[in-house]
Amino acid sequence: MKAGDLIRDLETGDIGILVEIDFASGRHSFLGKLEPYRILNVDGKTHWFGASYVEKDCEVVSESR
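Residues numbered from 1 in each chain as written. Predicted model: local features only at pLDDT ≥ 70, side-chain atom pairs only at ≥ 80, totals over all residues. Heavy atoms only, no water.

Section: the overall build of the protein chain
In terms of regular secondary structure, the protein chain is built from 1 helix and 7 strands. By the compact-globule yardstick of 11 Å for 65 residues, the protein chain fits well, its C-alpha radius of gyration being 11 Å. Each principal axis of the C-alpha distribution contributes one length, and for the protein chain these read about 30 × 25 × 25 Å. Counting all 65 residues of the protein chain, 26% fall into the buried class. Here the analysis covers contacts within the protein chain between residues at least 6 apart in sequence; of these, 35% occur between residues at least 24 apart. Per element, the accessible surface of the protein chain, about 4500 Å² overall, is 50% carbon and sulfur. Within the protein chain, one finds 8 positive and 12 negative side-chain charges whose respective centroids are separated by 3 Å. (Helix = DSSP H or I, 4+ residues; strand = E, 2+ residues; numbered from the N terminus. Rg over C-alpha atoms; globule rule 2.2 N^0.38 Å. Buried < 20%, exposed > 50% of the residue type's maximum accessible area, 1.4 Å probe, protein only. Contact = heavy atoms within 4.5 Å. Areas by Shrake-Rupley, 256 points an atom, 1.4 Å probe, with all protein chains shown as cover. Lys, Arg positive; Asp, Glu negative; His and termini not counted. Charge placed at Lys NZ, Arg CZ, Asp CG, Glu CD.)

In structure tokens:
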């Protein structure tokens, strides 16, 4: 996956655009887990997600060019 890809949650079907990947200094959850994937959802808001969720529970619908 790379920035600009349109991705979909395999369980819910929710879609979003992967806008940023930052393993070096990405955001951390309140539990201290790294959340390196920033995704823009259909409501126009961005949220940070953990690698395990994005890499295992989501699929690329359309790749960025």
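Here's the deal with the sheet that holds strand β2 (residues 15–21)
Spatially, 5 strands are ordered β6-β5-β2-β1-β7 in an open sheet, and the strand pairing comes out antiparallel. In this open sheet, the two edge strands, each paired with only one partner strand, are β6 (46–49) and β7 (58–62). Neighbour to neighbour, the strand axes of the sheet diverge by 40° on average, direction disregarded. (Pairing = 2+ DSSP bridges. Axes fitted to C-alpha atoms, helices over the stretch in contact; angles between N-to-C directions.)

Focus on the nonpolar core
Side chains of a nonpolar character, in soluble globular proteins, are inclined to be buried together. Judged by nonpolar contacts, I7, L18, Y37, I39, A51, V54 and C58 together constitute the single largest core of 7 residues. Listed by contribution, the elements that provide at least two residues to this core are β5 (37–41) and α1 (51–57). The contacts of L18, once residues within four sequence positions are left out, are M1, K2, A3, G4, D5, Y37, R38 and I39. (Core = buried A, V, L, I, M, F, W, Y, C linked by side-chain atoms within 4.5 Å.)

Examining the confidence of the model for the protein chain
Per-residue pLDDT for the protein chain averages 91, and the proportion of residues at 70 or more is 98%. Confidence, expressed as mean pLDDT per element, reaches its minimum in the protein chain at strand β3 (residues 27–28) with 78 and its maximum at strand β1 (residues 6–9) with 97. (pLDDT = per-residue confidence, 0-100.)

Comments concerning the packing of aromatic side chains
Counted under the stated rule, the structure contains 2 aromatic pairs. Pairing F49 with Y53 gives two aromatic rings, centres 5.3 Å apart and planes at 40°, and the pair type is tilted. (Phe/Tyr/Trp six-rings, centres within 6.5 Å; stacked < 30°, edge-to-face > 60°.)

Considerations on the environment of V54
Residue placement: V54 occurs in helix α1. Here V54 falls in the buried class, since its relative accessible area comes to 0%. For the pair V54 and P36, spaced 18 residues apart in sequence, the C-alpha to C-alpha distance is 9.6 Å. Apart from residues no more than four positions distant in its own chain, V54 is found in contact with M1, I7, Y37, I39 and F49.

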